Amino acid sequence: MNQDNRYTEFYAERDEMQSLELSDGIVSQASHTLQQGVGKREIEDESTRYSYTMDERMPDFFLEGHPHLCDARQSVHGGGVDTDFSFLLGGEDGKSSCLHMLEAVAYSLDPRVVKVKAVVLHSCKDVSILTSESDEAVHDHRLRTALMLNVVLEQDGRHEMGFASEQLQMGAEFVTDERIRRIAERAVAQADHLFRAVTPKGGDLPVVMAAGASGILLHEAIGHAFEADFNRKNMSIFSDKMGQSVCRPNISIVDDGTLSLSSGSFACDDEGIKSQCTYLVRDGRLESYLHDRISARHYGVKPTGNGRRQSFRHVPVPRMTNTYMLAGDATKDDIISSVKHGIYAESFTNGQVQIGAGDFTFFLKTGFLIEDGHLTQPIRDVNIIGNGPSALADISMVGNDLEMALAAGFCGKAGQQIPVGQGIPTVLVDKLTVGGV
Amino acid sequence: MKELLYKAQEMIRESGCADSRLMLFHNIENNICFMNGKVDKQQRSDSFSLAVTLYIDGREGFFYTNVFDDSSLRSFLRQSVMITRMLAPDPARGLIDPASYYKGDGPDLHNYDPAFEALTIDNHTAFSLIDAASKIDGRNVVSVDTRYTDRLHRAHYLCSNGFEATEHSTRCTLSTMVSVKGEGDARPMDGWGQTRLFLNDLTGDMAREIGETAYARTIRKIGQRPVKPGFYTMVVESPVAGHLLMPLFSAMAGQALQQHSSFLEGKLGKKIGSELLDMVDNPHIPGTRGATYFDYDGAATKPMKLFDRGVLSTYFIDTPMGRKLGMEPTTQGIHHTIMTPSSSSLEDILKLHDECILITDFNGGNCNPVTGHFSYGVEGFHYRNGICVQPISGMNITGNMLDIWNHLVQVSNDADPYEADLIPSLVFEGVSFK
């Protein structure tokens, strides 16, 4: 912001996406989206005015009042790169496409597979940001490819469905035999698990969160509550906790927009701030919120590169990028064997949080009972509830097996969906509320 | 803007595709947000987008763009035709039978307010309403977040086998969220809002009531905690009662049935709930949200029974799914649903029960679409003999959709007539709370 507390920003975007869907043995549906536009944001103190035009050349009326930016308009463009989507379809016969390969592997893994639906998605977004604080625009080029697989298995007239996906910031090189096999194995294994699984007895229980996908715990329990707009407005349960001890001293949690290839990474955020790795919690103490330009100015700190938006139609707000906990010392076996009676949580479908109360939930798709330190009965379909500060304080063991989740992850906030990444080593939470019979 | 549709259709024909469906959307929106009585954000949006579905010998492609200069649009559509040609043919895909199209003979649906056409942020009349809804006179207030949004939606449809139509609608919403200082570090939050189709139907008195209601709903949440786990009578408040119907609607979709991923497969014409599960979808009531004479594919809509005294009356079958499943098409989905109410108020119902839990919000959870097993986080209030004895949070309800709807024992009379779905408060017996 300049000295009279005014700030102006232009955000130009060109976003192109293609997807193909295989269903009933054929690739019979395709979609292709091309959108472009420029958003203008004006901030005075903490009040925002926002408008946009779909004309990426930025007509004069759009620049009214900002003559110093007229000369720079040529440096703002929404990319214009012609994206190559040909790899999605494979060879001329279409049979060598990744979707047919996914289908073939899925059917080969289990004779009970009766339905396969597979989707491949590739997108390319080019953004440029020009602000009143610089005469030069910054640019970013963001690729994303995702594979998703749904399988339905039938056994004795009963059906169960399994789902798996992976998503990274890659192009054609994303599609490999190894990745296709891994996705198919996970989807089929999930459906198989559900045939054997039961809904567990509910109640307050110790929960061992599996490495990788359990990063949803960090995302919902504390990640959103650390987004600085909620704290600036005094709405977050962590609003008064900066610098305080919030968990055991062997726990550190970061939000890292620089991770190579990960879904939530970028070169610069949607306000033109270079991506960074920010410690939310270092050695058990709350170290930083996640800031956009407005909240950073409010708190008198530098922006952390977390100002993100879904598209040129939206204003940026503080959002997570790739959120994970650093590895600890315990082995996975140590953690499981420490639990007399509890839950091992393995895969999830969704989560959410109430920022003010701190209550978060995530839905356990598959897991196991832990009895006398061993994984026993497969379990399924229960909602798990915790309270952010309590759950963080109740993390008593941290594994040495940090893993980033590869599943296609999206986060919704303020009506905006953005890709995010998450990860965690195996951890033990001493008490969470498990829905059950 | 209709000229753009004709031009795009011609470009598609020139690229070698004869069958197409085009939709051109024009949305104008104003958003104004106040935080603690001060302007936090003002946003004006005026956008166009073109959705194109192409059919080539049983192949179907979906395309979407907002880039309309001749050169770019021609290139985009040429590429779209090329992509569609590369797909495998699916005999179920194709434009619908022209006999199914809406013929344009329905009376005005009264869901469009021309006053929205001229509104901008700078001349907007809503600021006084937002100000009125922001004034909270109460203890423990941490923040007051008031939002006003209006939207003018206009859509032009053009299908190559004869359907052409335009529809437009408007709506505006005023809402207030309040957070208060609770026990310990907690800041309970809740809100209230109203939506209308016509701007003048949002009044100053209504705005003040929105603020007061938002505060009253929030302050009563202080001290939330779980109650003893067990089986309780559950009263689901009208504004969130539709949450329990969503899994039923998902399971009625043709795609879910065709993929064997619906717990309602094989249940058509069978009893799936108590006699109080009685509901219609009526898209033809003037002045209501969701009112429309045709679906996205141009098929004429009609009033339709969804559940008849507990019996599943229909699935949602569009034309492609009808061809795949060998069933007559019905509709693409719900538009404006109405559950048959009773004459009892929510207050009367709460007094009828020695003990019950009133659910005012759901907090996460899910329903397995194949089996119907669900587990949802809930919050609300513990009632004894009509008196609230404890605000509740941190609890889950667990069960199966095919079971819980058979335990629907009462419905109320309190559905909001301005909502898209008119679902009154619902009472279920014997629900497991953990």
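Residue positions within a chain follow its written sequence, with the count starting from 1. For this description, chains carry letters from A and ligands carry numbers from 1, given in the order in which they are written. In view of the model being predicted, local features appear only for residues whose pLDDT reaches at least 70, and side-chain atom pairs are presented and counted only at 80 or more, with totals across whole chains, interfaces and linings using the full set of residues.

Asks: What is the right way to look at helix α4 (residues 204-219) of chain B in this model?
Replies: Turn by turn, an α-helix covers 3.6 residues, leaving residues three or four places apart pointing in a common direction. Residue and element names in this part refer to chain B. Helical segments are the DSSP runs of H or I of at least four residues, strand segments are the runs of E of at least two, and each set is numbered from the N terminus. By this rule the span expected of a helix is its residue count minus one, scaled by 1.5 Å. Here α4 is 16 residues long and its end C-alpha atoms lie 23 Å apart, about the 22 Å a rise of 1.5 Å per residue gives. Along α4, the residues classified as buried are A207, I210, G211, A214, Y215 and T218. Looking straight down α4, one finds that the buried residues subtend no more than 120° of arc, so they occupy a single side. Here a residue counts as buried when 20 or more other C-beta atoms sit within 10 Å of its C-beta, as exposed when there are 12 or fewer, and as partly exposed otherwise, the C-beta atoms being derived from the backbone. Of all possible arcs, the one meant is that of the directions from the helix axis to the C-beta atoms.

Asks: Which parts of the structure should I look at to understand the nonpolar core?
Replies: Across soluble globular proteins, nonpolar side chains have a tendency to be buried as a group. We call a set of buried Ala, Val, Leu, Ile, Met, Phe, Trp, Tyr and Cys residues a nonpolar core when their C-beta atoms link them within 7 Å. L102, A106, L149, V151 and V208 of chain A together with M234 and V235 of chain B are the most contacted members of the largest nonpolar core, which totals 189 residues. Residues within four places of V151 of chain A in sequence aside, it is in contact with A106, V113, K115, V116, M161, G162, A187, V188 and A191 of chain A. Counting 25 residues, the second largest nonpolar core, distinct from the first, contains V67, F76, Y101 and L158 of chain B. A pair of residues counts as a contact when their C-beta atoms, built from backbone coordinates, are separated by no more than 7 Å.

Asks: It is not clear to me how the sheet that holds strand β10 (residues 285-286) of chain A should be interpreted in this structure. Could you clarify?
Replies: Strand pairing in a sheet is mediated by backbone hydrogen bonds. Such pairs are either parallel or antiparallel. All names here are of chain A. The strand order across the open sheet formed by six strands is β10-β9-β8-β13-β21-β18, and the pairing between neighbours is mixed. Whereas interior strands pair on both sides, the edge strands pair on one side only; in this sheet they are β10 and β18 (403-404). We call two strands paired when DSSP finds no fewer than two bridges between them. When strand β8 (residues 253-256) meets strand β13 (residues 322-325), the two strands line up antiparallel, connected through three bridges. Each residue of the ladder has a partner; that of V254, found in β13, is Y324.

Asks: Which parts of the structure should I look at to understand the environment of N36 of chain B?
Replies: All names here are of chain B. Along the chain, the position of N36 falls in the loop between β1 (19-35) and β2 (38-56). According to the C-beta neighbour criterion, N36 is partly exposed, with 15 such atoms within 10 Å. Separated by 142 residues in the primary sequence, N36 and V178 have C-alpha atoms spaced 9.6 Å apart.

Asks: Looking at this structure, I do not really get the domain arrangement of chain A. What am I missing?
Replies: Many authors give the size of an interface as the accessible area that is lost as the parts come together. Residue and element names in this part refer to chain A. Domain extents, as shown, originate in an automatic or database domain assignment. Under the domain assignment, chain A is made up of domain 1 (6-195) and domain 2 (203-434). A C-alpha centroid distance of 23 Å is found between domain 1 and domain 2. With 32 residues of domain 1 at the interface, the matching set in domain 2 holds 25 residues. Elements supplying a minimum of two residues to the side of domain 1 that touches domain 2: β1 (6-23), β2 (26-44), β3 (47-53), β4 (113-131), β5 (138-155), β6 (158-168) and α2 (177-196). Considered class by class, the residues forming the side of domain 1 that touches domain 2 number 13 nonpolar, ten polar and nine charged. Gly falls in the polar group here, along with every residue not listed as nonpolar (Ala, Val, Leu, Ile, Met, Phe, Trp, Tyr, Cys, Pro) or charged (Asp, Glu, Lys, Arg).

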